[in-house]
Amino acid sequence: MMHYLRIATFPGEMRLAVTKDDTLLDYALWRPATPDLVGNIYVARVAAQAAFMGGAFVDLGHGLQGFLSDQKAVSHLTEGQSITVCVSRAAQGGKGVRVRMLEPSAQGKDVGLVTTGPTPLERLTAQWPNAIITVDTPQAAALVPPLLRAKREAGFIPIPPEIMAACHALEDSSVDLPGNMQATITPTPALIAIDMDAPPVAGSRPKQTAQFAANRDALPELLHQIRLRNLSGAIVIDPAGMAMRKRQALQDVVQEALRADPLRPRCLGVSALGLIEIVRPRIHPSLPELLNSPHGHALKALRTILAQAPTATILRGSIPFIQALEQDPQAVADCVQLRGKPLALKADPALPDFFWTVQDA
């Protein structure tokens, strides 16, 4: 069966789903007006040495600052020196972008952007080179770069309902797994905690044997869901109902499932508390971080208005909410174009953070 890279259009963002049959293989959000900058190349100026942090802060131009974490390279640099860098990690968790040095000298060149990095569409196309691209609107078609247009299927094709349902399910902190198991994902500032739950053991098999089999069969799907959500950094998984001594045997299952992940995450083993420890590289923001940011809340409101409030002409929101929309005017313009009706923004200081409502004129 064919692989498809399906694009669904929403205000301010595209949802990209790589599919085979009815299976969701890969997923990404693409917000063209607010890229995460990964892969961008800049001429930068060393702003300040930060030996205690093992690096230096660099000025990328237009008020953007990055952190160069290569202590060996930084030791040969001086403040004010111009260098060429590439963004290696998006801003996440309140921290700015990370950069790596390409050239130790860029004298005579202005500080600022040299070239932009690949979009989420280009990244997924590189990972799935045989996938056929489908788009659902002219707006999405216009964003397909010339080099990829030969891969696009003609016409406008909506994402099948079962695939869209799988995409929406990624926004839930609960994950349904094989064998009627379930996992709950809890992001924290330090790590991602995942708790697995199993139904009561039925049948004649010994309890520990049944619980091992249930966890073994559920873990590959859970690790696939980690990839779909782009969960990264330190990840700990608490298997369901197994004795501590039995949990070590799950490492081989985890190692095998991780081989399919292009970021090459590592399983560090099972801790003394019986938690499976995984480290997955942080490069792009995770799906929960994108959805739960002020910008994510604002885009969710526009999607809701598009689907449920076709006659509304005024969007009234808290000051932080309206500020998030004002920083992405393209998202509001997309909403207006998709619904064919104007939408005015009004800030209301009396409303709680990220609270909003709509009304007719």
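Residues numbered from 1 in each chain as written. Predicted model: local features only at pLDDT ≥ 70, side-chain atom pairs only at ≥ 80, totals over all residues. Heavy atoms only, no water.

Identification of the protein chain as Ribonuclease from Acetobacter oryzifermentans is taken from an unreviewed UniProt entry. Annotation of the protein chain in UniProt includes, under Cofactor (unreviewed entry), the sentence "Mg(2+)". (UniProt positions renumbered as here; feature names shortened; annotations may be inferred.)

### Re the environment of Ala-17
On the secondary structure map, Ala-17 appears in strand E2 (residues 13-20). Once the C-alpha coordinates of Ala-17 and Leu-228 are considered, the two residues, 211 residues apart in sequence, prove to be 9.5 Å apart. Those residues in contact with Ala-17 that lie beyond four places of it in its chain are Tyr-4, Leu-5, Arg-6, Leu-24, Asp-26, Tyr-27, Ile-159, Ile-163 and Cys-167. (Helix = DSSP H or I, 4+ residues; strand = E, 2+ residues; numbered from the N terminus. Contact = heavy atoms within 4.5 Å.)

### Notes on the sheet that holds strand E14 (residues 233-238)
Spatially, six strands are ordered E11-E12-E13-E14-E16-E15 in an open sheet, and the strand pairing comes out mixed. Every interior strand has two partners, whereas the edge strands, strand E11 (174-177) and strand E15 (266-270), have only one. Averaged over all pairs of adjacent strands, the angle between strand axes in this sheet comes to 20 degrees, irrespective of strand direction. In the sheet, E11 pairs with strand E12 (residues 181-187) via four bridges, with the strands oriented antiparallel. Note that in E12 the partner of Ser-174 across the bridge is Thr-184. Taken strand by strand, helix H7 (residues 251-258) contacts E15 and strand E16 (276-280), and its axis lies near 170 degrees from that of E15. (Pairing = 2+ DSSP bridges. Axes fitted to C-alpha atoms, helices over the stretch in contact; angles between N-to-C directions.)

### Looking at the side chain of Thr-134
Inspection of the secondary structure assignment puts Thr-134 in strand E10 (residues 132-135). Among residues more than four places away in sequence, those in contact with Thr-134 are Tyr-4, Leu-5, Arg-6, Ile-7, Glu-153 and Ile-157.

### Re the side chain of Asp-26
For Asp-26, the location among the structural elements is in strand E3 (residues 23-30). Here the side chain of Asp-26 touches Trp-128 through a polar contact of 3.0 Å, side chain to side chain. Not counting residues within four places of it along the chain, the set of residues in contact with Asp-26 comprises Leu-16, Ala-17, Val-18, Leu-124, Gln-127, Trp-128, Arg-227 and Leu-228. (Polar contact = N/O pair within 3.5 Å; in protein donor to acceptor, adjacent residues only side chain to side chain.)

### Describing the pairing of strand E7 (residues 82-89)
With respect to burial, E7 is a largely interior element, seven of its eight residues being buried. One ladder, built from five bridges, connects strand E4 (residues 41-50) with E7; its direction is antiparallel. Paired with Ile-41 across the bridge in E7 is Cys-86. As paired strands, E7 and strand E8 (residues 97-103) are joined by five bridges and run antiparallel to one another. Each bridged residue has a counterpart across the sheet, and for Arg-89 the counterpart in E8 is Arg-98. (Buried < 20%, exposed > 50% of the residue type's maximum accessible area, 1.4 Å probe, protein only.)

### Notes on the nonpolar core
Of all hydrophobic cores here, the largest spans 26 residues; its most connected members are Ile-194, Met-196, Leu-219, Ile-237 and Ile-276. Counting residues per element, the ones that place at least two in this core are E11, E12, strand E13 (192-197), helix H5 (207-228), E14, H7, E15 and E16. Among the elements that take part in this core, H5 stands out by supplying five residues, more than any other. Setting aside its immediate chain neighbours within four residues, Met-196 contacts Leu-177, Met-181, Gln-182, Ala-183, Asn-215, Ala-218, Leu-219, Leu-222, Ile-237, Asp-238, Pro-239 and Ala-240. Ranked by size, the runner-up nonpolar core spans 18 residues in total, among them Leu-5, Trp-30, Leu-124 and Ala-141. (Core = buried A, V, L, I, M, F, W, Y, C linked by side-chain atoms within 4.5 Å.)

### Considering the pattern of salt bridges
Within the structure shown, the criterion is met by nine salt bridges. Between Arg-15 and Glu-13 there is a salt bridge, with its nearest N and O atoms 3.0 Å apart. Of the two residues, Arg-15 and Glu-13, both sit in the buried class. We note a salt bridge from Asp-217 to Arg-216, for which the minimum N-O separation is 3.1 Å. Look at Asp-217 and you get partly exposed, because its relative accessible area is 44%. Looking at Arg-216, the relative accessible area reads 34%, which means it is partly exposed. A network of salt bridges, in which partner residues are shared, links Glu-13, Arg-15, Arg-31, Glu-171 and Arg-303. (Salt bridge = Lys/Arg side-chain N within 4 Å of Asp/Glu carboxyl O.)

### Side note on helix H9 (residues 294-308)
For H9, which comprises 15 residues, the first-to-last C-alpha distance of 21 Å matches the rise-based estimate of 21 Å (1.5 Å per residue) to within 8%. The set of residues buried in H9 consists of His-295, Gly-296, Ala-298, Leu-299, Ala-301, Leu-302, Arg-303 and Ile-305. (Expected span 1.5 Å × (residues − 1).)

### Points about the sheet that holds E10
Ordered in space as E3-E2-E1-E10, the four strands form an open sheet in which the pairing is mixed. Each end of this open sheet is capped by a strand with a single partner; those strands are E3 and E10. For this sheet, the mean inter-axis angle between neighbouring strands, taken without regard to orientation, is 20 degrees. Two elements, strand E1 (residues 3-10) and E2, share eight bridges in a ladder whose sense is antiparallel. For Arg-6, the partnering residue across the bridge sits in E2 and is Ala-17.

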